[in-house]
Amino acid sequence: MTQIVTPDICDAYPEVAVCDPIFVNYGGQEAFFGPVKTVKCFEDNSLVKQAVAEPGDGAVLVVDAGGSTRCAMLGDMLAEQAAGNGWAGVIMYGCVRDVDILAETDLGIQALGAHPRKSEKRGEGKRDVPVAFAGVDFAPGQWVYADNNGILVAESRLELD
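What this report covers is the structure whose coordinates are included nearby.

The rules behind each value
Think of each chain on its own: its residues are numbered from 1, step by step along the sequence as written. The predicted nature of this model means local features are confined to residues of pLDDT at least 70 and side-chain atom pairs, given and counted, to a pLDDT of 80 or more, with totals for whole chains, interfaces and linings taken over all residues. With hydrogens and water set aside, each side-chain value is computed from the structure's full complement of heavy atoms. Of the grid points, spaced at 1 Å and generated over the protein atoms alone, those admitting a 1.4 Å probe that cannot get out make up cavities, while open sets with protein on both sides within 12 Å along at least five of seven lines make up pockets; any residue with an atom within 4 Å of a point is treated as lining. Grid points are joined across faces, edges and corners, and a volume is the space filled by probe spheres set on the points. To qualify as a helix, a DSSP run of H or I must reach at least 4 residues; to qualify as a strand, a run of E must reach at least 2; elements of each kind are numbered from the N terminus. Any residue that is not Ala, Val, Leu, Ile, Met, Phe, Trp, Tyr, Cys, Pro, Asp, Glu, Lys or Arg is counted as polar, Gly included; the first ten are nonpolar and the last four charged. Exposure is judged per residue with a 1.4 Å probe applied to protein chains only, and the accessible area is read against the type maximum: over 50% gives exposed, under 20% gives buried, and values in between give partly exposed. Contacts described as polar in this section are N or O atom pairs within 3.5 Å, which, within protein, must combine one atom able to donate a hydrogen with one able to accept it, while residues neighboring in sequence count only if both atoms come from side chains. Should any heavy atoms of two residues lie within 4.5 Å, those residues are considered in contact.

When its volume is computed, the largest pocket comes out at roughly 230 Å³. Among the secondary structure elements, those contributing two or more residues to the lining of the largest pocket are β5 (72-74) and α3 (76-84). Residues of the lining of the largest pocket, tallied by class, amount to 5 nonpolar, 3 polar and 6 charged. The space that makes up the second largest pocket amounts to roughly 160 Å³. Lining the second largest pocket we find Gln3, Val5, Asp8, Ile9, Ala12, Tyr13, Glu159, Leu160 and Asp161. The class makeup of the residues in the lining of the second largest pocket is 5 nonpolar, 1 polar and 3 charged.

Structurally, the position occupied by Ser119 is in the loop between β7 (108-114) and β8 (126-127). Note on Ser119: relative accessible area 6%, which makes it buried. For Ser119, the side chain forms a polar contact with the side chain of Asn45, separated by 3.0 Å. The residues touching Ser119, leaving out its near neighbours within four places in the chain, are Glu43, Asp44, Asn45, Cys71, Ala72 and Met73.

Okay, here's the thing in C-alpha cells:
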C-alpha cells in the first residue's frame, strides 16, 4: 500500500486543499486515502449507517454532521461494518464514540471529538452532495488523504511514490 505522509504530499502538490487543524485521529489506520463519498446530516446518522452498509471499494466517507458536538454520529458497530465493507476511512465533521474500540478497528477515522450519546435516527440528510467544512470543499469524485498531520483534498488521485 502507498504510504501517506501529508507533509510530503503538500510539498509535491502545493495545490491541494488543506483542512483546518480541528480533527483528531481515532481509527486503527492512522493514515488513509481514497475517493470521496459524502453524507450531509445533522444529529441523525441514518445515512451514515446506510452508506457503511454498502461496499466502500476503498473510498473515504466524508460526513458533514454540521460540526455538532451534542452526540456521536459513528460508533464501534458502524465503524466495524465500514471496515468489513472495504471503506478506507471516515472523516466526521462531528463526534464519534466507543473510541477505545475505534482505535483497534481497521479503518481510518478522523473526527472533531468524542461524545457518549448516540444520534437520532429519523432518516434525514443527503448523500453524494458537495459539502464544505474546515475551510475546504469536498465533492464526490475528489480524493482525500489523511494522517496524523492533517487532511488534504485533491481534485483527482495523486501519483505518490
